[in-house]
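Here is how the chains run, residue by residue.
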Amino acid sequence: MYWIGFDIGSSSIKAALINAEDGSVVDMAQQPKKEMPIVSINLGWGEQDPELWWKHLCTATQELISNNPISKKEIKGIGISYQMHGLVTVGKDLKPLRPSIIWCDSRAVETGEQLFQKAGKAKCVEHLLNAPGNFTLSKLKWVKDNEPEVYGKIHKFMLPGDYIALKLSGECVTTPSGLSEGIMWDFKKNQLAEWLLEDADIDPRMVSEIRPSFSEQGFVNKEGAEESGLPEGIPIMYRAGDQPNNALSLNVMEPGQIAATGGTSGVVYAISGQEKTREHTRINSFAHTNHTAKNPSIGKLLCINGTGIQYSWIKNELTHGLSYDHMNQLAESIPVGSEGLQILPFGNGAERMLENCNKGSRMLNLNFNVHKAPHLFRAVLEGIAFSFVYGMEILKIDGVDITSIKAGNDNLFRAGLFSQTIATLTNSKIDIVQTTGAVGAARAAAFAHGDFKSIGEATASDAIQMTHEPVTASDAYHEAYQKWKKELKKYIDN
């Protein structure tokens, strides 16, 4: 028997088939083979057609089933991971009324700030652990204010993963974790923040039925089965946003544990057992997948925009075809601190952790008689690593006591120099694990069904591919970091 997991990204849809007996990966598929388009009709906007996600999910599912010697009747159920913070609106016919306003769309920034002021800063921070910000509720408020003809037709609004579950089952269902990422969950009252919807003049009846992240959230109906190729009647047992799900995929479920990613942007996602925050302007706090009122589990998310995109820019624009592995080898030939060359890797939009500073990337202390290409490669990796460490210091201020760090084996953390720098400065080993969000979603569904006693048991077949330990002789690392941090302060203050 098998479980299937879906990861609904903005670039592609990934599907994974896992063995129900031991959680091992049977096969994976990805559609489309090229990135899905993001439509931006105005500066700072980002939209996608939800039907495009569904189309590619169906194709990926059929590919998985046809490429493996299994009967679709052997698939027990479904788990869903999805791009966070998006808005999908449907009418009474349960069809989208407009394209989804997705995570990278910034049109609702001002709307969110106005709602923050109206609802009261202290109340928002105490009850929501966040400002309304540019998240799902603020995007819906923007639709109400700017597209009243659309708003008047809305039956339900939902997150991207909720929409996929709707297409599979015909039911409108959401989760506390999802509502918290949309900034609509009252942690003090452990319920929908109806007072905030009232302040936004949003009808709470538009919110879907709320069910736990690990629970039956609908069953594949006839139409969903015919279009997807899945068997009719199997349950949807789990859903979560991509960052909480990435943490789950790495078995990051307890306070002090951190899941980190270093793709185009970087994310540090830390688990805390405290329903409070002091850093709501620099990080976001969401209900983790295993959060309950009796046993709080808060995912504190810190995003760094200028990470992998900086290293890829150097590769694509300046290296004339060098591979990342070759760049990493050259960087390792240079001493810690890059002989004074420093890079502030913040050239990919406003950085929330720097109080929305947006002054571009900076290269400092370049000496034409000393510095060569390998110095540049090391300085970039060090600058990105330093930004991760700086972010983790913010998390510590917010009450996170770091006990372990895990990362997937598909991003910057594969670079030994990069991971070793973070491990040394945080005095924490970093375990690199081969897994994906779609695999994690499938295993979470199996856990919710009772096939596994814990997420740890469900992920037991994932071997730790490598571990990066702190360097004992760490003085040079700390000296280089302090010099970098001194320049960062000037960058923020000027």
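Residues numbered from 1 in each chain as written. Predicted model: local features only at pLDDT ≥ 70, side-chain atom pairs only at ≥ 80, totals over all residues. Heavy atoms only, no water.

**Some details on the packing of helix 12 (residues 324-332) against helix 13 (residues 373-397)**
At step 1: Where helix 12 meets helix 13, the closest approach of the two axes is 8 Å, and the angle between their N-to-C directions is 95°. Considering the angle they form, helix 12 stands roughly perpendicular to helix 13. In this structure, helix 12 uses Met 327, Asn 328, Leu 330, Ala 331 and Glu 332 to contact helix 13, whose residues at the interface are Pro 374, Phe 377, Arg 378 and Leu 381.
At step 2: Counted by class, the contact of helix 12 with helix 13 contains six nonpolar, one polar and two charged residues. (Axes fitted to C-alpha atoms, helices over the stretch in contact; angles between N-to-C directions. Helix = DSSP H or I, 4+ residues; strand = E, 2+ residues; numbered from the N terminus. Parallel < 35°, antiparallel > 145°, perpendicular 65-115°, else oblique. Contact = heavy atoms within 4.5 Å. Nonpolar A, V, L, I, M, F, W, Y, C, P; charged D, E, K, R; others polar.)

**Describing the sheet that holds strand 15 (residues 266-272)**
At step 1: The sheet built from seven strands is open, its strands ordered 16-17-15-14-20-21-22 with mixed pairing. Each edge of the open sheet carries a strand with a single partner, namely strand 16 (284-287) and strand 22 (464-468). Across the sheet, the mean angle from the axis of one strand to that of its neighbour is 25°, orientation sign disregarded. (Pairing = 2+ DSSP bridges.)

**Digging into helix 1 (residues 50-66)**
At step 1: A rise of 1.5 Å per residue sets the reference length of helix 1, with its 17 residues, at 24 Å; its end C-alpha atoms lie 25 Å apart and thus fit the reference within 8%.
At step 2: Those residues of helix 1 not exposed but buried are Pro 50, Trp 53, Trp 54, His 56, Leu 57, Cys 58, Ala 60, Thr 61, Leu 64 and Ile 65.
At step 3: One side-chain oxygen at the N-terminal end of helix 1 lies 3.0 Å from the backbone nitrogen of Glu 51; it belongs to Asp 49. (Expected span 1.5 Å × (residues − 1). Buried < 20%, exposed > 50% of the residue type's maximum accessible area, 1.4 Å probe, protein only. Polar contact = N/O pair within 3.5 Å; in protein donor to acceptor, adjacent residues only side chain to side chain.)

**Things to note about the side chain of Thr 459**
At step 1: Here Thr 459 shows up in the loop between helix 16 (455-458) and strand 22.
At step 2: Judged by its relative accessible area of 8%, Thr 459 falls in the buried class.
At step 3: From its side chain, Thr 459 meets the backbone oxygen of Gly 456 in a polar contact 3.3 Å long.
At step 4: When sequence neighbours within four positions are dropped, the list of residues in contact with Thr 459 reads Leu 248, Ser 249, Asn 251 and Arg 443.

**Brief notes about the packing of aromatic side chains**
At step 1: Enumeration according to the criterion identifies 13 aromatic pairs in this entry.
At step 2: Geometrically, the ring pair formed by Phe 214 and Phe 447 is edge-to-face, given 5.2 Å between the ring centres and 90° between the ring planes. Linking Phe 214 in the loop between strand 12 (209-210) and helix 9 (222-228) with Phe 447 in helix 15 (residues 437-449), this pair joins segments that are 233 residues apart in sequence.
At step 3: Between Tyr 481 and Trp 484 the ring centres are 6.1 Å apart and the planes differ by 20°, which places this aromatic pair in the stacked class. You can see Tyr 481 and its partner Trp 484 sitting in helix 17 (residues 475-493), three residues apart, about one turn around the helix. By the burial criterion, Tyr 481 is buried, and Trp 484 matches it.
At step 4: Site record: aromatic cluster; members linked through ring pairs are Phe 346, Phe 386, Tyr 481, Trp 484 and Tyr 491.
At step 5: The aromatic ring of Tyr 151 is capped on one face by Lys 144, whose charged end is 5.3 Å from the ring centroid. (Phe/Tyr/Trp six-rings, centres within 6.5 Å; stacked < 30°, edge-to-face > 60°. Lys NZ or Arg CZ within 6 Å of the ring centre and 35° of its normal.)

**As for the sheet that holds strand 5 (residues 75-82)**
At step 1: If you walk across this open sheet you meet the five strands as 3-2-1-5-13, and the pairing is mixed. If you trace the sheet from one side to the other, it starts and ends with strand 3 (25-31) and strand 13 (236-241), each paired once. With direction set aside, neighbouring strand axes in the sheet form an average angle of 15°.
At step 2: Sheet analysis places strand 5 next to strand 13, joined by five bridges and oriented parallel. Counted as the bridge partner of Ile 78 is Ile 236 from strand 13.
At step 3: The sheet contacts of helix 6 (residues 160-169) involve strand 1 (2-8), strand 5 and strand 13, and relative to strand 5 the element is tilted by about 150°.
At step 4: Packing of helix 15 onto the sheet brings it into contact with strand 1, strand 2 (13-19), strand 3, strand 5 and strand 13, and relative to strand 1 it is tilted by some 130°.

**With respect to the pattern of salt bridges**
At step 1: Here the structure, examined in full by the defined rule, presents 23 salt bridges.
At step 2: The shortest N-O distance in the salt bridge between Glu 126 and Lys 188 comes to 4.0 Å. In this pair, Glu 126 is assigned in helix 3 (residues 121-128) and Lys 188 in the loop between strand 10 (185-186) and strand 11 (191-192), connecting sequence segments 62 residues apart.
At step 3: Note on Lys 188: relative accessible area 52%, which makes it exposed.
At step 4: Across the pair Asp 145 and Lys 141 runs a salt bridge whose closest N-O atoms are separated by 3.3 Å. With a gap of four residues between them, Asp 145 and Lys 141 both fall in helix 4 (residues 136-146), about one helical turn apart. (Salt bridge = Lys/Arg side-chain N within 4 Å of Asp/Glu carboxyl O.)

Everything listed here is a matter of geometry and, on its own, says nothing about what the molecule does.
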